[in-house]
Amino acid sequence: MAAPRTIPPASSANSSWSDRARLLAFGAGVALAASQPLAAQDLQDTPRLEDLIPDSAVLDPESWAADGVPGEVQAEIAAEGDLPPDSELAEMPLVTVPWPDDSELPQLAPLEAQGDPVEFVHFDEAIPPLPMGSEERISRELVLVFPSDQALFPERDEFLTRFRGLSAVVQYADDDNLARLTAQARVDEDLLARMLRVYGYFDAQVVRSVGMVDEATQVALDRPAVRFDVLPGPRYTVGAVDLGNLAATGDQYPFLRRAYDINPGDPLSLDAIVAEQLDLDRALGESGFPFAAIEAPSLLVDHDRDEGDVTMPVEPGGRYTLRGVVSQQPDFLSSRHLTRIARWDDGDIYRRSDEMDLRRAILATGLVGAVELTPVVVQEPQGDQPGVLDLQADMTPAPLRTLAGSIGYGTGFGFRLEGSWEHRNLF
């Protein structure tokens, strides 16, 4: 068994040993800092603590510490005794960084001001707030507030009329239920945002307030109420307009393009885009294009330009003239008879209104219960010359005999009884 280790009592020699040990530890630390880190596989060869500090160092630390101190340092220690705290350190060639007291930091030249001094601008000064205050009371529970300047939202009257007919708060008001009103207010907020986009206000903001107090007057209300502050923002305009193959209509293109009255720079309106689609379809049908096809319009909104590009593919399908009417039931009504009923002449340009007029005329005979007219191509268009087509009539005969009766009572005439019998196409 190893001999028990004893720790020498504290003394002046022990204090000297502490100073020397600290000096030795500092030199060892510098040496370790300058050395390269060990690889992972070299850690197995690292000596143990017992190998670095043997039992003899514990028993006689003074002698063990003196063995690791250079001779000149030992001579200096022997001449001066204990090192004073302010004594200079020995030269350490491995330490190349100068001490802070010996290094001079370069003085930085002050920066020169360039341009005008920076001035801070308040948000309200750069973008003044819109003057709100034009209040529109829709119902007892609903109030809309717009900018006081009517020019910022000139469609206000039409907008309010449409909103009154669609508002959930107006349609379903039944009691003083705050939860019900809050749910309906969310629906109306979405409705307002969609309606503003219909009128071309794609950057509009709607602020919803629901409660028992009027925020403008701070007056307690007798029932819950909803307030919407509407900030329309700028109204977008029409950018590019793409009408597909409409230019293939030739000399009819200027007229048809004017029929679609949406042009770059116009105020953007989704209502107008839909309405002008119907106008263009009607113009094509009245200009000799029975097979024209128009797809639903699409809108591409560009928030950087505050514009919306309109695209509506159009295929005219060729221009035609009318020749006659072909009956699918010649034993019932002949093609000759139907052609005589039609109010156009051979060679006239096809017009959809003439087709609708013929349908009404056939039904007016009382002999037909239903009729379907279908354009049938006889000759395709050749260059600038229109093609030729007939209208094919597919009819459902009406009942030949009709028996009708009625009964009534009048204070001046008493009871009244009437009856009728009809036989169509008797001769």
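Scroll up a little and you will see the structure.
Looking at the overall build of the chain
A tally of regular secondary structure across the chain gives 13 helices and 14 strands. Each of the 427 residues in the chain was classed as buried or not, and the buried ones make up 28%. If you take every contact in the chain between residues at least 6 apart in sequence, the share linking residues at least 24 apart comes to 60%. About 28,400 Å² of surface is accessible on the chain, with carbon and sulfur atoms providing 55% of the total.

As for the packing of aromatic side chains
Counting across every chain of the model gives 7 aromatic pairs. Ring geometry for Phe202 and Tyr236: centres 5.4 Å apart, planes at 45 degrees, overall tilted. Within this pair, whereas Phe202 is found in the loop between α9 (178–198) and β3 (205–214), its partner Tyr236 is found in the loop between β4 (219–231) and β5 (237–242), the two being separated by 34 residues in sequence. For Phe202, a relative accessible area of 18% gives the class buried. The class for Tyr236 is buried, based on a relative accessible area of 0%. An aromatic cluster is present here, built from Phe146, Phe153, Phe159, Tyr199 and Tyr201 joined pairwise through their rings.

Comments concerning the environment of Glu372
Structurally, Glu372 is set in strand β11 (residues 368–379). When the C-alpha atoms of Glu372 and Ala393 are compared, they prove to be 5.8 Å apart, with 21 residues separating the residues in sequence. Those residues in contact with Glu372 that lie beyond four places of it in its chain are Gln392, Ala393 and Asp394.

Some words on the sheet that holds strand β7 (residues 298–302)
Spatially, the 3 strands line up as an open sheet ordered β5-β8-β7, and their pairing is mixed. Every interior strand has two partners, whereas the edge strands, β5 and β7, have only one. The mean inter-strand angle of the sheet, taken between neighbouring strand axes irrespective of direction, is 25 degrees. Where β5 meets strand β8 (residues 307–311), 4 bridges bridge the pair, whose relative direction is parallel. Paired with Val238 across the strands is Gly308, a residue of β8.

So, the side chain of Asp309
Tracing the sequence through the fold places Asp309 in strand β8. Within the structure, the side chain of Asp309 is placed 2.9 Å from the backbone nitrogen of Ala240, a separation counted as a polar contact. Those residues in contact with Asp309 that lie beyond four places of it in its chain are Gly239, Ala240, Ser298, Leu299 and Leu300.

Focus: the pattern of salt bridges
Applying the stated criterion across every chain yields a total of 15 salt bridges. For Asp302, the salt bridge is made with Arg305, and the minimal N-O distance between the two is 2.9 Å. Judged by its relative accessible area of 23%, Asp302 is partly exposed. What you see here is one network of salt bridges that share partners, running through Asp302, Arg305, Glu307 and Asp309.

Some words on the layout of surface pockets
If you roll a probe as big as a water molecule over the atoms, it shows you where there is empty space left. Its boundaries defined by the atoms lining it, the second largest pocket holds a volume of some 310 Å³. Ala248, Thr249, Arg319, Gly383 and Asp384 are, among the 16 residues lining the second largest pocket, the residues nearest its centre. Here the lining of the second largest pocket is composed, by residue class, of 5 nonpolar, 7 polar and 4 charged.

As for the pairing of strand β10 (residues 320–327)
With respect to burial, β10 is a largely interior element, 6 of its 8 residues being buried. Across 6 bridges, β10 lies against strand β12 (residues 387–397) in parallel orientation. Along β12, the bridge assignment pairs Tyr320 with Gly387.

Remarks on a nonpolar patch on the surface
There is a patch of nonpolar side chains on the surface, built from Leu94, Val95 and Val97 and spanning about 280 Å² of accessible area. Mapping Val95 onto the fold places it in the loop between α5 (71–80) and α6 (123–126). In this structure Val95 comes out as partly exposed when scored by relative accessible area, which is 35%.

As for the sheet that holds β10
The 3 strands lie next to each other as β10-β12-β11, forming an open sheet whose pairing is mixed. At either margin of the open sheet sits one strand with a lone partner, and together these are β10 and β11. Direction aside, neighbouring strands of the sheet carry axes that sit 25 degrees apart on average. On top of the sheet, helix α13 (residues 352–364) reaches β10, β11 and β12; it is set at about 145 degrees to β11, its chief contact.

Remarks on the side chain of Glu355
Examined against the element boundaries, Glu355 turns out to sit in helix α13. For Glu355, which is buried and forms no salt bridge, the nearest opposite charge comes from Arg359, at a distance of 4.1 Å. The residues touching Glu355, leaving out its near neighbours within four places in the chain, are Tyr350, Leu373, Pro375 and Leu391.

The rules behind each value
- Residues numbered from 1 in each chain as written.
- Predicted model: local features only at pLDDT ≥ 70, side-chain atom pairs only at ≥ 80, totals over all residues.
- Heavy atoms only, no water.
- Helix = DSSP H or I, 4+ residues; strand = E, 2+ residues; numbered from the N terminus.
- Buried < 20%, exposed > 50% of the residue type's maximum accessible area, 1.4 Å probe, protein only.
- Contact = heavy atoms within 4.5 Å.
- Areas by Shrake-Rupley, 256 points an atom, 1.4 Å probe, with all protein chains shown as cover.
- Phe/Tyr/Trp six-rings, centres within 6.5 Å; stacked < 30°, edge-to-face > 60°.
- Pairing = 2+ DSSP bridges.
- Axes fitted to C-alpha atoms, helices over the stretch in contact; angles between N-to-C directions.
- Polar contact = N/O pair within 3.5 Å; in protein donor to acceptor, adjacent residues only side chain to side chain.
- Salt bridge = Lys/Arg side-chain N within 4 Å of Asp/Glu carboxyl O.
- 1 Å grid on protein atoms, 1.4 Å probe; cavity = no way out; pocket = protein on both sides within 12 Å on 5 of 7 lines; lining within 4 Å.
- Points joined across faces, edges and corners; volume = space filled by probe spheres on them.
- Nonpolar A, V, L, I, M, F, W, Y, C, P; charged D, E, K, R; others polar.
- Patch = residues over 30% accessible without salt bridge, like charges linked within 9 Å, V, L, I, M, F, W, Y side chains within 5 Å.
- Lys, Arg positive; Asp, Glu negative; His and termini not counted.

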